[in-house]
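Summary of structural features
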Amino acid sequence: MQRWRGLEDIPEDWGRSVVTIGSYDGVHRGHQLIIRHAVERARELGVPSVVVTFDPHPSEVVRPGSHPPLLAPHHRRAELMTELGVDAVLILPFTTEFSKLSPAEFVVKVLVDRLHAKAVVEGPNFRFGHKAAGNVEFLTAQGKVYDFEVEVVDLVVRGEAGGGEPFSSTLTRRLVGAGDVAGAAEILGRPHRVEGVVVRGAQRGRELGFPTANVETLPHTAIPADGVYAGWLHAAGEAMPAAISVGTNPQFDGTERTVEAYAIDRVGLDLYGLHVAVDFLAFVRGQAKFDSLEGLLEQMAQDVKRCRELVAAAE
Ligand SMILES: Cc1cc2nc3c(=O)[nH]c(=O)nc-3n(C[C@H](O)[C@H](O)[C@H](O)COP(=O)(O)O)c2cc1C
Ligand SMILES: Nc1ncnc2c1ncn2[C@@H]1O[C@H](COP(=O)(O)OP(=O)(O)O)[C@@H](O)[C@H]1O
């Protein structure tokens, strides 16, 4: 797959293509449906498929300081899009200047002049251009002028239990923030992942009998609510069942919020400096401060047992 970091990266001789535009944070199941549709349409038309996305998230530029927590960094989104069969991803730097392009200017500058769109695939709630003034009706009308078709793919809606709310990055962020990682996984179609480099912590874990890899997360990462979770620690090409702790270590009056993972039953690992990923399968309990260290250790042993069972049931 090709990755372009701006309009100028698109090859001069780039022919016609099928395009879909969006933030696509998390590449959740609703996104997947739209992207798959674009890939299929591209194959039918015999042209490549392109996803156009933005960096930073548009809301940061429109309202500084409002960058939402991210469900997936760009390299992860690109990985997921490659799995869906996308041929190229264009990551447009979302500058103030760019945010001022009118919907009509956006169509000409991006879709017509550079990507030579033959078809554009979007969800019904797609908005674009200055003040998000452009919608699918406008896009469809522009398509008639510039010779591209516009296809609208239905939103995926959460089951009755979820109140029929459409799948969205906002809903997924809310679930992650509330610790409902199982709910988030239902929308994402896979567990929510947090990644980063393993850094040194208080070096206490090994003494407790549960060494934990402390993950230095990337800026704006969507981190689940404080608590203990079952999941996996991915390191050096291996997915290891893990008991994960998110929080400030209240038992030790800590103040820094960390994401740390104990790879269950694994001894002698050396993960410092490695880029690792932590996948959140299920919430186990909230963080607690026990009367004694023994209280914490007993609870941790139970947590590990529960995590082992939850992961085994999911594998
Ligand atoms: C399964 C599990 C459960 C945990 N539960 C708690 C807890 O309830 N309260 C707490 O303060 N810390 C909890 N922790 C975090 C430990 O306090 C932390 O891993 C330990 O202090 C080691 O820190 P270090 O990696 O910085 O050395 C938990 C860790 C794990 C792996
Ligand atoms: N089973 C394991 N799970 C996670 N990390 C492990 C494991 N075994 C050894 N380690 C190593 O031990 C380190 C964690 O030990 P710990 O005493 O908690 O130190 P720190 O406070 O620096 O995280 C990890 O970063 C990793 O390199």
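Bear in mind the structure is a predicted one, so any value in this text is a computation, not a measurement. (Residues numbered from 1 in each chain as written. Chains lettered and ligands numbered in written order. Predicted model: local features only at pLDDT ≥ 70, side-chain atom pairs only at ≥ 80, totals over all residues. Heavy atoms only, no water.)

Notes on the site of ligand 2
- In the region of ligand 2, 20 residues are neighbours, and Gly201, Gln203, Arg206, Leu271 and Tyr272 sit closest.
- A distance of 3.3 Å separates an oxygen atom of ligand 2 from a polar backbone atom of Gly205.
- Backbone polar atom of Leu271 to an oxygen atom of ligand 2: 2.7 Å apart, as the coordinates give it.
- Taken together, the elements giving at least two residues each to the shell around ligand 2 come down to helix 9 (205-208), strand 8 (213-217) and strand 11 (258-263).
- Examining the composition of the shell around ligand 2, we find that three residues originate from one element, strand 11, more than from any other. (Near = heavy atom within 4 Å. Polar contact = N/O pair within 3.5 Å; in protein donor to acceptor, adjacent residues only side chain to side chain. Helix = DSSP H or I, 4+ residues; strand = E, 2+ residues; numbered from the N terminus.)

A word on the environment of Asp226
- Mapping Asp226 onto the fold places it in the loop between strand 8 and strand 9 (227-235).
- Sequence spacing of Asp226 and Arg257 is 31 residues, and the spatial spacing of their C-alpha atoms is 8.5 Å.
- In contact with Asp226, not counting residues within four places along its chain, are Val246, Gly247, Thr248, Arg257, Phe283, Gly286 and Gln287.
- There is a polar contact of 2.5 Å between the side chain of Asp226 and the side chain of Arg257. (Contact = heavy atoms within 4.5 Å.)

Looking at the sheet that holds strand 9
- Judged by pairing direction, the barrel is antiparallel, and its six strands sit side by side in the order 7-8-11-10-9-12 before closing back on the first. With direction set aside, neighbouring strand axes in the sheet form an average angle of 45 degrees.
- Note: strand 7 (residues 192-199) against strand 12 (residues 275-285), six bridges, orientation antiparallel. By the bridge assignment for strand 12, Val197 is matched with His275.
- Where helix 10 (residues 293-314) meets the sheet, it contacts strand 9, strand 10 (238-247), strand 11 and strand 12, and its direction lies at approximately 100 degrees from that of strand 12. (Pairing = 2+ DSSP bridges. Axes fitted to C-alpha atoms, helices over the stretch in contact; angles between N-to-C directions.)

So, the pairing of strand 8
- Across four bridges, the pairing between strand 7 and strand 8 is antiparallel. Bridging from a neighbouring strand, Val197 pairs with Glu216 of strand 8.
- Pairing between strand 8 and strand 11: three bridges, direction antiparallel. In the sheet register, Asn214 faces strand 11, and the bridge partner there is Glu260.

Some thoughts on the site of ligand 1
- By nearness alone, 23 residues border ligand 1, and Arg204, Thr212, Gln251, Glu260 and Ala288 come closest of all.
- Measuring from an oxygen atom of ligand 1, one finds a backbone N or O atom of Ala202 at 2.9 Å.
- Residue Gly205 places a main-chain N or O atom 3.0 Å away from an oxygen atom belonging to ligand 1.
- For the shell around ligand 1, the secondary structure elements donating two or more residues are helix 9, strand 10 and helix 10.
- Ranked by residue count, the leading element in the shell around ligand 1 is helix 10, at three residues.
- A per-class count over the shell around ligand 1 returns 10 nonpolar, nine polar and four charged. (Nonpolar A, V, L, I, M, F, W, Y, C, P; charged D, E, K, R; others polar.)

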